[in-house]
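One-letter residues, chain by chain:
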Amino acid sequence: MRSKLLRGIALAVGLALAAGCDKPAGSAAAGPGAAKPIPEIAVVTAQAQAVPNTRELVGRLAATRSAQVRARVAGVLLERVYTEGTDVKPGQVLFRIDPARLQAALNAQEAALVRAEADAANAALTAKRFLELREKKTSSQQDLDTAQAAERTTAAAVKQARANVDAARLELGFATVTAPIAGRAGRALVTEGTLVGQGDATLLTTVDRIDPLYVNFSQSPTELADLRKLAEAGARSAAETQVEVLLPGGTPYPHPGTLDFSDLAVDPNTGALSLRATLPNPDKALLPGMFVTLRLTAGALEQAFLLPQPALSRDAQGAFLLLVDDAGKVAQRRVTSRGMTRKEWIVTGDLKDGDQVIVAGLQKVKPGDTVRIAPPTPSAAAAAAPGPDRPKAEGPPTAAPGVLQGPKPISNSGK
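Since this is a predicted model, take the numbers as computed values, not measurements.

Chemist: With reference to specific residues and values, describe the nonpolar core.
Modeler: Among the nonpolar cores identified, the biggest contains 31 residues, and Leu94, Phe95, Ile97, Leu204 and Val207 are the most heavily contacted of them. Mapped by element, the contributors of at least two residues to this core are β2 (48–70), β5 (93–97), α2 (100–135), α3 (141–173) and β9 (203–219). With sequence-adjacent residues up to four places away left out, Ile97 is seen in contact with Ala71, Val73, Gly75, Val76, Leu77, Leu78, Phe174, Ala175, Val177 and Val196. Core analysis: the second largest hydrophobic core is formed by 19 residues, Val215, Val243, Leu259 and Leu286 among them.

Chemist: Just give me the short version of the packing of aromatic side chains, but keep the residues and values in it.
Modeler: Counted by the stated rule, this structure contains 1 aromatic pair. Look at Tyr82 and Phe95: their rings are 5.5 Å apart centre to centre, the planes differ by 75°, and that puts the pair in the edge-to-face class. Here Tyr82 is found in the loop between β3 (75–80) and β4 (87–88), whereas its partner Phe95 is found in strand β5, with 13 residues between them in sequence. Across the ring face of Tyr82, the terminal group of Arg80 is positioned such that the distance to the ring centre comes to 5.9 Å. Cation over ring: Arg276 sits above Tyr214, and NZ or CZ is 3.8 Å from the ring centre.

Chemist: Outline the environment of Gly173, supporting the account with residue identities and numerical values.
Modeler: In this structure, Gly173 sits in helix α3. Each C-alpha atom, one on Gly173 and one on Val73, is 9.4 Å from the other, the two residues being 100 residues apart in sequence.

Chemist: Report on a nonpolar patch on the surface, specifying residues and quantitative values.
Modeler: Together, Val76, Leu78 and Leu195 line one region of the surface with nonpolar side chains, adding up to about 250 Å² of accessible area. Checked against the element boundaries, Leu78 lands in strand β3.

Chemist: Quick rundown of the environment of Lys329? Include the residues and the values.
Modeler: For Lys329, the position within the fold is in the loop between β15 (318–324) and β16 (330–340). Taking C-alpha positions, Lys329 is 9.3 Å from Lys366, a pair spaced 37 residues apart along the chain. Leaving out residues up to four positions away in the same chain, Lys329 has contacts with Leu323, Val324, Gly368, Asp369 and Thr370. A distance of 3.0 Å separates the side chain of Lys329 from the side chain of Thr370, its partner in a polar contact.

The rules behind these values
Residues numbered from 1 in each chain as written. Predicted model: local features only at pLDDT ≥ 70, side-chain atom pairs only at ≥ 80, totals over all residues. Heavy atoms only, no water. Core = buried A, V, L, I, M, F, W, Y, C linked by side-chain atoms within 4.5 Å. Buried < 20%, exposed > 50% of the residue type's maximum accessible area, 1.4 Å probe, protein only. Helix = DSSP H or I, 4+ residues; strand = E, 2+ residues; numbered from the N terminus. Contact = heavy atoms within 4.5 Å. Phe/Tyr/Trp six-rings, centres within 6.5 Å; stacked < 30°, edge-to-face > 60°. Lys NZ or Arg CZ within 6 Å of the ring centre and 35° of its normal. Patch = residues over 30% accessible without salt bridge, like charges linked within 9 Å, V, L, I, M, F, W, Y side chains within 5 Å. Areas by Shrake-Rupley, 256 points an atom, 1.4 Å probe, with all protein chains shown as cover. Salt bridge = Lys/Arg side-chain N within 4 Å of Asp/Glu carboxyl O. Polar contact = N/O pair within 3.5 Å; in protein donor to acceptor, adjacent residues only side chain to side chain.

By themselves these figures say nothing about function.
Here is the structure:
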């Protein structure tokens, strides 16, 4: 039994040695001391360019002039003359109110004026006669004084009667309701046959001037101060800050506006400052009450870089990039984020033209590692090439229809 056990052990050892001799020589690389493979990463080439300093905000359109058309006299509405939703001119007739009662009142005042003029003429003749008699010493001074006082009283009554006629004529004119300003007349708020102006001035419609329009929005005082500094650096006043509007869907509005008003105090409820811009609207394509996205542009960042979103990382010290140096090793560069477009960060800092910034494979590398740059794929080449979201290096980004080109508001932590 013992000899059989020894033969079995010898046979097992021989088989193990034979299997070890048949193992491929390269399999030793998988051992604990084997070298790690060189990671493969993708990069883009940094290009310095002038990028407009832009802020994207949300604003609401409002008419530059808005007049409420009200009934200034009491009466039954007879007719709506204008077409609702059309443009009107100052003095154009909008409504007609029944003028019968007002015409009767005017006739009564005109009759009162005629009577007052007759009384005044009679009093003037009486005073003249008493003056002649007084000169002949045939009447007393008291009679003359009384006649002259009556003359003055009746003359004043004539002026009062004329004023009453003017007031009645004015009231009659109010029966024809006209447009106080040029603009677009809204829908009629009352219909024919309605008693208006009885006790209060009934609102009939509104007329809004929509060319130009106001864009009302708000911004934090810090961001507004930064915008003004950049505007001054570019030799532009704050009022010359360009305002571009993006319509729903991202289509740029063809007529830029200008900033024209800044409130004097910060709203304590929101901590923001109310601002207003004037926007041309020659085609009447925009209407009051619409919400729009607007871009404020003042000055430009001269040495800025547009980089894909995955390239930027953050830690406790702020924003940084990883790039490949001339020796093929990973290096870290600290940068400052200045906002972003829809697809790219706008950064400044320790970066120069031609730097190879890592945009893919960041999880596999750290500063000091040796890396291999992967051949560019068609999708990567398209992302790095100038296009609607990536302007050429020699000029600022140009907007393309349907693309939000300017940076959106981000935290001003700076890093």
